[in-house]
Amino acid sequence: MAAAAASSTAAAATEASSFKIFPSCKSINLLSSFPIHFRRSSSRTAAVSVSRRPRRISSVLSSPQTQTDNEDTFRSRFGPNEPRNGADILVEALEREGVTDVFAYPGGASMEIHQALTRSGIIRNVLPRHEQGGIFAAEGYARATGKIGVCIATSGPGATNLVSGLADSNMDSVPLVAITGQVPRRMIGTDAFQETPIVEVTRSITKHNYLVLDIEDIPRVVKEAFYLARTGRPGPVLIDVPKDIQQQMVVPDWNQSIRLGAYSSRLPRSPSISSLEQIVRLISESKKPVLYVGGGCLNASEELRQFVELTGIPVASTLMGLGCYPSTDEELSLHMLGMHGTVYANYAVHHSDLLLAFGVRFDDRVTGKLESFASRAKIVHIDIDSAEIGKNKQPHVSVCGDVKLALKGLNSILIKGSNKFSSGFSGWRQELKEQKMKHPLSFKTFGDAIPPQYAIQMLDELTNGNAVIATGVGQHQMWAAQFYKYKNPRQWLTSGGLGAMGFGLPAAMGAAVARPGDIVVDIDGDGSFMMNVQELATVRVENLPIKVLLLNNQHLGMVVQWEDRFYKSNRAHTYLGNPANESKIFPDMVKFAEACDIPAARVTKVDDLRAAMIKMLETPGPYLLDVVVPHQEHVLPMIPSGHSFDDVITDGDGRIKH
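Residues numbered from 1 in each chain as written. Predicted model: local features only at pLDDT ≥ 70, side-chain atom pairs only at ≥ 80, totals over all residues. Heavy atoms only, no water.

> How should the overall build of the protein be read in this particular structure?
Along the backbone of the protein there are 23 helices and 21 strands. For the protein, buried positions account for 62% of its 658 residues. Contacts in the protein between residues far apart in sequence, at least 24 positions, make up 76% of those at least 6 positions apart. Of the roughly 24300 Å² that the protein leaves accessible, carbon and sulfur atoms contribute 50%. (Helix = DSSP H or I, 4+ residues; strand = E, 2+ residues; numbered from the N terminus. Buried < 20%, exposed > 50% of the residue type's maximum accessible area, 1.4 Å probe, protein only. Contact = heavy atoms within 4.5 Å. Areas by Shrake-Rupley, 256 points an atom, 1.4 Å probe, with all protein chains shown as cover.)

And the structure:
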């Protein structure tokens, strides 16, 4: 589902004892070519740059927006030679990177940073009610804009509450900078109160880590963190700042150069003309080509659309790639492929003779049984992360580079050449059109109950497909992917690779902060929603106009579906209501909203849905609509895990035995 796999920056790593390093730093074992610079001074400790195995350079957000260099125009609130503490330096460093919004929850080891934030006239802090909510909000901000999301937490439990968000952004290649407070340097390694070696904890789920041990390194470290987060294959970078560093006073040097020579030297170059010409030749020789596009095309949507216009090749999207090509194009969009993709998208890949895989990683939820996936096709794989090339599926032609640049090059060749492909594939497009007519996305009715797919279709209709959609994880996520028609990239915010429940509401918060003029809807399930329900308080206090469309089936729906299909419908702790009174909706989501002074309503009958949804959309500010749906419904089509297209399931639900 996700467009890119977890990977790491080529950087220095320390052994597990790194949190007991003191000024001499003699116990560090250098494991890569990233330099670690130490001052040989008895009066200062060193800045330690901590990371893990070599980072496989990148894909899902190809050609991310580079931050405007405003060093010449930035006006500091401090005098040129005025000392300030480390926390003020950190905040100003963020300002110099163009940061205007952060999601930060205070604690003992990060209080100095929060005090500094109150002195900033540029940065707004959106206070989450849980650190996980804060990092998911930062992700939503980043996913909705392509900019770097920033979150801040204290040491110990505050820092560990960021772990799911770091893993999620790493797997989905979301640019993020997470800043954590740490206990004072003299206490590191002593099991001090709220001390956690967060660099060690998160090493395998971040692109790079820093433990700042010298106040003078803060400007450089922040500059490097933002550069790493947004270049190559984007990802999360963590900066751990001890409290005594935050409190020290110094005149900062803003002219320090970044020290990332080894990393920069491994960034992919522009694709070669010969490789692109080879791809064009393969297209000219094919009869049944298919585009398989993922999150790596999020910043290449315009070029992708031109490529499709020039070639007439049908487009199938991964979960992360939705919106890169408009799903409203009824002729050429095959919508989503994979486990819960359309029959016609999976049919196209299964029967294709050329698979153009752009900005994808051949995830298991897309491929199913690898040997059977696109077994008839020659495969062209373009990805910015060299480690993804051939990792799961061996391509016939590969280009390690920026998808945006590759598509620009391909389009240039196509425009200059005499090749006219669009008419040549008319028979193939007609074959796929017949598959669309034979196997459309559909759903059954349940009397006067509300089919969840119908609710999403209605939302699509009432918003004209223009809303920014965030989701939790589960059945509602798949239905939102299937039945909402995404026109543009960054409309669709979901936890793909990690599949983190509780993502929807805080991600919608981040999107609403980043895009205040857009309609933002959290399509959620009751299970996912409960995991970060506390963020309703933030939504209210910040007056974020988020609409929550809650598809409430009183169960962990996706797990129930698997129980129905593979475990003879034996329920193993998947009912989320009150067993003592199953006829009553429990817990009462409307009361949760009302407790946070957010308007809310519940709808249970299909005939009442339209009026209820119109009211939700027309009510100013936030609103929660609790839509009660039957738990027996299944997400279809479905290719069982590890199976092939030949095993696709297209009918049945929880009302019958399987």
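> Teacher, can you tell me more about unusual backbone geometry here?
It is generally the case that most residues other than glycine have a negative phi and that most peptide bonds are trans. The omega torsion across Phe586 and Pro587 is -10°, close enough to zero to call that bond cis. The topology assignment puts Pro587 in the loop between helix H21 (557-566) and helix H22 (589-595). Residues other than glycine seldom take positive phi values, yet His335 does so here, at roughly 65°. With respect to the helices and strands, His335 occurs in strand E12 (residues 333-336).

> What am I meant to see in the nonpolar core here?
The tendency in soluble globular proteins is for nonpolar side chains to be buried as a group. In terms of nonpolar packing, the biggest core is built from 53 residues, with Leu166, Phe529 and Ile546 touching the most fellow members. Among the elements that take part in this core, helix H18 (residues 504-514) stands out by supplying seven residues, more than any other. Residue contacts for Phe529: discarding those within four places in its chain leaves Leu505, Asp522, Asp524, Leu536, Val548, Leu550, Met589 and Leu624. Counting 37 residues, the second-largest nonpolar core is a separate cluster that includes Val91, Val102, Val177 and Leu267. (Core = buried A, V, L, I, M, F, W, Y, C linked by side-chain atoms within 4.5 Å.)

> Can you walk me through the packing of helix H1 (residues 86-96) against helix H2 (residues 111-118) in this structure?
If you want to describe how two helices pack, look at the angle between their axes and the distance between the axes. Running from N to C, H1 and H2 point in directions that differ by 55°, and their axes come no closer than 8 Å. Overall, the two elements H1 and H2 adopt an arrangement that is oblique. For the pair H1 and H2, the crossing hand works out as right-handed. Taken together, the residues of H2 that come into contact with H1 (itself represented by Ala87, Asp88, Leu90 and Val91) are Glu112, Ile113, Ala116 and Leu117. Partitioning the contact of H1 with H2 into residue classes produces six nonpolar, no polar and two charged. (Axes fitted to C-alpha atoms, helices over the stretch in contact; angles between N-to-C directions. Parallel < 35°, antiparallel > 145°, perpendicular 65-115°, else oblique. Left-handed = near helix turned anticlockwise from the far one by under 90°. Nonpolar A, V, L, I, M, F, W, Y, C, P; charged D, E, K, R; others polar.)

> Looking at this structure, how should I read the side chain of Thr202?
Examined against the element boundaries, Thr202 turns out to sit in helix H6 (residues 198-202). Look past the residues within four positions of Thr202 in its chain and what remains in contact with it is Val163, Leu166, Asn209 and Leu238.

> Looking at this structure, I do not really get the sheet that holds strand E14 (residues 378-383). What am I missing?
Think of a sheet as strands paired side by side through backbone hydrogen bonds, with each pair either parallel or antiparallel. Read from one edge of the open sheet, six strands run E12-E11-E10-E13-E14-E15, paired in parallel fashion. With one partner strand each, in any of the chains shown, E12 and strand E15 (397-400) form the two edges of the open sheet. Each strand of the sheet is rotated relative to its neighbour by a mean of 15°, with strand direction disregarded. Here four bridges tie E14 to E15, and the two strands are oriented parallel to one another. Looking at E15, one finds that His381 is bridged to Ser398. Its contacts with the sheet place helix H11 (residues 301-311) against strand E10 (289-293), strand E11 (315-317) and strand E13 (354-358), and it is angled at close to 170° to E10. Against the sheet, helix H12 (residues 343-351) touches E10, E11, E12 and E13, its axis set at about 110° to E12. (Pairing = 2+ DSSP bridges.)

> How should the layout of surface pockets be read in this particular structure?
A probe matching the size of a water molecule, rolled over the atoms, marks out where space remains unfilled. Approximately 520 Å³ is the volume found for the largest pocket. Lining of the largest pocket is provided by 35 residues; of these, Val473, Gly474, Gln475, Gln477 and Met558 occupy positions nearest its centre. When residues of the lining of the largest pocket are traced back to their parent elements, those giving at least two are helix H13 (364-367), helix H17 (475-483), helix H19 (526-531) and H21. When the residues that make up the lining of the largest pocket are grouped by side-chain class, the tally is 15 nonpolar, 15 polar and five charged. (1 Å grid on protein atoms, 1.4 Å probe; cavity = no way out; pocket = protein on both sides within 12 Å on 5 of 7 lines; lining within 4 Å. Points joined across faces, edges and corners; volume = space filled by probe spheres on them.)

> How do you make sense of the packing of aromatic side chains when you look at a structure like this?
Taken as a whole, this structure holds twelve aromatic pairs when the rule is applied. Ring centres 6.1 Å apart and planes at 70° place the aromatic pair Phe103 and Tyr141 in the edge-to-face group. Of this pair, Phe103 sits in strand E3 (residues 101-104) while Tyr141 sits in helix H3 (residues 131-145), and the two are 38 residues apart along the sequence. Accessibility classification places Phe103 together with Tyr141 in one group, the buried group. (Phe/Tyr/Trp six-rings, centres within 6.5 Å; stacked < 30°, edge-to-face > 60°.)

> What is the right way to read helix H7 (residues 218-230) from this model?
Residues lying three or four places apart along an α-helix face the same way, a consequence of the helix completing one turn every 3.6 residues. Between the first and last C-alpha of H7 there are 19 Å, a value that for 13 residues agrees with the 18 Å anticipated at 1.5 Å per step. Most of H7 sits inside the fold, with eleven of its 13 residues counted as buried. For H7, the set of buried residues is Ile218, Pro219, Arg220, Val221, Val222, Glu224, Ala225, Phe226, Leu228, Ala229 and Arg230. Positive backbone phi, approximately 55°, marks Gly232, located one or two places after H7. (Expected span 1.5 Å × (residues − 1).)

> It is not clear to me how the side chain of His634 should be interpreted in this structure. Could you clarify?
Its place among the elements puts His634 in the segment after strand E21 (623-628). Assessed through its relative accessible area of 2%, His634 is described here as buried. There is a polar contact of 3.1 Å between the side chain of His634 and the side chain of Arg565. For His634, the contacting residues outside a window of four places in its chain are Gln453, Gln475, Trp479, Gln561, Asp564, Arg565, Gly652, Asp653, Gly654 and His658. (Polar contact = N/O pair within 3.5 Å; in protein donor to acceptor, adjacent residues only side chain to side chain.)

> For this particular structure, what's the right way to read the pattern of salt bridges?
Note that side chains of opposite charge can pair when their charged atoms are close. Summed over the entire model, instances satisfying the criterion amount to 29 salt bridges. A salt bridge links Arg429 to Glu331, with the shortest nitrogen-to-oxygen separation between them at 3.4 Å. Of the two residues, Arg429 is situated in helix H15 (residues 426-438) and Glu331 in the loop between E11 and E12; the sequence distance between them amounts to 98 residues. The exposure class of Glu331 is exposed, given its relative accessible area of 54%. (Salt bridge = Lys/Arg side-chain N within 4 Å of Asp/Glu carboxyl O.)

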